[in-house]
Amino acid sequence: MSNRHNLNRSSLTVTAFTLILMLFFVNYPIPFLYGIELYLFTAIAWFVYFRYSLNYALLLIIFAAACGIYIWNQSPLLALYPLEILLVGWIARRSKRSAVLWDAIYWLTLGLLFFYPAYRWLTDWSDSNGMTYFLFSVANGLINIFFGKLAAEYLPVGASKTRKKWRIGQITFHLCMVLLIVPTLIYLLVSGYFTYQRSLSEISSRLDTIYSHVNERLNHLTETELRDLKVRSMVQKASLQHMFSNITTGTDVQITLIDDNHNVVTTLEPAIADNFAYEWSAGGIVKQVTDSLYLWQPEEIPSYNKVYRWAKSEFVSVYHFDRVPYTLVVKQPAIGFQHNMFNLYVISVLLVGMSTLIAAFVAYRVMNQLSRSITQLGSFTTGLPRRIRLRETITWEESPLHEVNILKNNFEDMSKELASMFCEVNKREDKLRVMAHYDTLTGLGNRYSFGLYLPSLIEEAKKDHTKIACLFIDLDRFKLINDNYGHEAGDAVIKEVGARLKEYNTAQTKAFRLSGDEFVVVLREPFPRDLVQWAQDIQASLINDVIMYHDQPIQIELSAGISIYPDHGQDAQILLRSSDHAMYQAKVSGRNRVKLSTGATMNFPKGGA
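Residues numbered from 1 in each chain as written. Predicted model: local features only at pLDDT ≥ 70, side-chain atom pairs only at ≥ 80, totals over all residues. Heavy atoms only, no water.

This next bit is on the side chain of T248. In this fold, T248 is placed in the loop between helix 9 (234-247) and strand 3 (254-258). Discounting residues that sit within four places of it in the chain, T248 has contacts with I210, V253, I255 and L268. (Helix = DSSP H or I, 4+ residues; strand = E, 2+ residues; numbered from the N terminus. Contact = heavy atoms within 4.5 Å.)

What follows is the structure, encoded as structure tokens:
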């Protein structure tokens with residue numbers, strides 16, 4: 001219950017912050033020059049779409065757009081942005097493809113169909129900046145969806161419990177775009193500001209120059225010419241108008257000369273007649289931009305239609321003369337400067353578009369190369385310990401990426417270390433296996449190995465209905481050898497007996513050392529004709545040749561007993577006990593002989609002891 005309460009509080013906090021942020025960006029778009037503005041509130045809506053849901057994003061953007069239009073007197077074109085979210089979001093969800101791609105398609109199709117005519121309608125079809133405004137709206141829309149997706153990808157706000165995994169190519173592309181878009185926007189803002197200040201200085205200088213020419217012309221008038229000018233002499237008016245035309249040639253500057261009653265003396269403005277009552281600030285909003293320069297903007301154009309209002313705006317300077325009670329009003333229309341700045345914007349947008357394609361290509365190449373190298377490295381390292389243990393040959397390929405090569409070299413060194421470790425482990429395992437199954441002194445199978453071998457052989461014999469012979473060997477008077485020659489001599493004897501018994505390790509027979517001076521030889525069918533003779537031949541091979549120890553000959557004797565499966569025992573333990581008992585009987589009978597177990601009647605030929 002507490003977790004659900006905390007989750008609800010967190011969701012409400014995120015919702016409130018998102019809504020406040022959207023309303024802030026609706027009311028305060030980023031202002032560029034001459035009416036162009038960058039609205040970022042749709043970026044918040046796209047963030048909500050990518051992180052939460054389409055319905056939630058639509059609800060927020062409709063509310064924000066309505067507040068912007070009806071409360072803060074923003075452009076009615078804001079009403080078209082919810083349509084973008086609805087169509088692009090719905091199509092992207094249905095098609096499972098990138099919403100950014102669908103947004104670009106939307107702006108080049110339906111966006112052009114809706115925004116361009118709507119803007120021309122708002123400007124009474126008289127503004128020539130419609131296509132520029134639309135182009136900037138396209139850039140605005142794509143920037144918004146890009147930063148909305150970026151925020152949804154990387155910001156931890158409202159993140160799901162499952163941590164998202166990012167692709168290197170995706171991060172590379174996003175980073176390229178951020179490093180491209182953000183500096184471009186900053187450049188446009190900063191360069192726009194300085195360009196505007198430079199334009200103001202240029203306009204002020206141009207208007208001051210025009211005033212200087214007019215003032216100089218008036219200062220050269222004689223008293224008679226001044227008197228004629230005051231009485232509105234046609235000759236003087238024509239002369240002044242001719243001078244106005246000469247000094248404004250090649251410009252769109254408009255000059256009006258008015259008297260102290262605000263009546264027009266002469267003018268270059270075609271809409272104003274002579275003797276017309278004139279007030280240059282009438283019908284507009286006046287703002288002083290420098291000490292001698294004013295910005296006049298028409299009141300009749302709504303404030304939300306900023307581009308069109310700027311197109312009809314004028315920079316105005318007002319000058320007074322000393323010799324005549326006249327006022328000179330010089331106007332510089334802003335539309336020329338607006339067009340120049342818009343050309344800069346258009347070029348910047350096109351450059352960003354081209355750079356985006358280049359960044360996408362670079363990101364794809366980097367992603368392709370890096371992914372291929374890492375995937376290749378992953379395939380090499382998959383099951384690496386097993387492959388090293390099986391001693392497979394691993395070929396490490398070089399990568400053109402330095403960092404991947406470092407990783408490859410580390411894996412290569414690690415694989416060599418692992419190979420060395422596995423080799424050492426295998427040696428130790430082999431040694432342990434030998435120690436577990438083989439006698440360390442003779443190299444014959446030990447009691448543990450015998451305990452595994454004989455029962456399994458008996459199981460096979462049961463299935464195949466065959467027989468097994470077990471020859472139990474014990475050295476006679478072995479204790480005397482240890483006492484007379486020492487334990488080292490005893491070990492040498494045992495080792496030599498083991499070496500001689502190794503000759504009987506064949507597919508049919510197998511020799512073991514059980515302990516001390518006790519040995520066992522197991523024989524499987526087919527048996528020789530005389531089993532006792534076979535055992536006596538083994539005895540002879542072991543004792544006929546003396547064993548030399550430090551140039552001292554040692555003669556050995558042995559007693560042996562034979563038992564047969566299944567005649568003398570149905571399992572390994574009884575069979576061994578029967579052969580041990582037969583060996584004991586051989587010792588009792590005088591030693592150094594072979595006895596066959598007499599536990600049952602057999603169909604084998606019997607030999608003598």
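Residue P526 is reached from E525 by a cis peptide bond, and omega for that bond is 5°. Here P526 is to be found in the loop between strand 11 (518-524) and helix 17 (531-543). Even without glycine at this site, D551 takes up a positive phi of about 65°. Within the fold, D551 resides in the loop between strand 12 (547-549) and strand 13 (552-554). On the basis of relative accessibility, which here comes to 73%, the residue D551 falls in the exposed class. (Buried < 20%, exposed > 50% of the residue type's maximum accessible area, 1.4 Å probe, protein only.)

Another point: the packing of aromatic side chains. Counted according to the given criterion, the structure contains 28 aromatic pairs. When the centroid spacing of 6.1 Å and the interplanar angle of 85° are considered together, the rings of Y39 and F41 count as edge-to-face. In this structure, Y39 and F41 share a single accessibility class: buried. Residue placement shows K510 over the ring face of Y453; its charged tip is 6.0 Å from the ring centre. (Phe/Tyr/Trp six-rings, centres within 6.5 Å; stacked < 30°, edge-to-face > 60°. Lys NZ or Arg CZ within 6 Å of the ring centre and 35° of its normal.)

Taken together, five strands build an open sheet; the order of strands is 10-11-9-14-15 and the sheet is mixed. Edge positions in the open sheet fall to strand 10 (509-515) and strand 15 (594-596), since each of these has one partner strand only. Neighbour-to-neighbour, the strand axes of the sheet open up by a mean angle of 20°, direction not taken into account. Note that strand 9 (residues 468-475) and strand 11 share seven bridges and pair antiparallel. By the bridge assignment for strand 11, A469 is matched with L523. (Pairing = 2+ DSSP bridges. Axes fitted to C-alpha atoms, helices over the stretch in contact; angles between N-to-C directions.)

Among the seven residues in strand 8 (residues 327-333), seven count as buried, and that is most of the element. Here strand 8 shows two buried faces, one formed by T327, V329, K331 and P333 and the other by L328, V330 and Q332. Here five bridges tie strand 3 to strand 8, and the two strands are oriented antiparallel to one another. Residue pairing in the sheet places T256 in a bridge with V329 of strand 8. Strand direction decides the pairing type here: strand 7 (residues 314-320) and strand 8, joined by seven bridges, are antiparallel. Along strand 8, the bridge assignment pairs E314 with P333. Between strand 7 and the antiparallel strand that follows it, strand 8, lie six residues.

With that settled, consider the sheet that holds strand 4 (residues 264-267). Strand order in the open sheet formed by six strands is 4-3-8-7-6-5, and the pairing between neighbours is antiparallel. Strands with a single pairing partner mark the edges of an open sheet, and in this sheet they are strand 4 and strand 5 (284-288). With direction set aside, neighbouring strand axes in the sheet form an average angle of 25°. Summarising the sheet, strand 3 and strand 4 pair through three bridges and their orientation is antiparallel. Each residue of the ladder has a partner; that of L257, found in strand 4, is T266. Contacts between helix 9 and the sheet are confined to strand 3, strand 4 and strand 8, with strand 4 contributing the most and set at about 40° to the helix.

For the rest of this paragraph, the subject is the nonpolar core. Ranked by internal contacts, the top residues of the largest apolar core, which has 96 residues, are F41, F315, F321 and L328. Among the elements that line this core, the one with the most residues is helix 7 (residues 168-219), at 13 residues. Sequence-distant contacts of F315, that is, excluding residues within four places in its chain, are made with Y196, L200, I203, L207, L293, Y294, L295, W310, V330, K331, Q332 and A334. L444, A511, F527 and I556 belong to the second largest nonpolar core, which has 35 residues in total. (Core = buried A, V, L, I, M, F, W, Y, C linked by side-chain atoms within 4.5 Å.)

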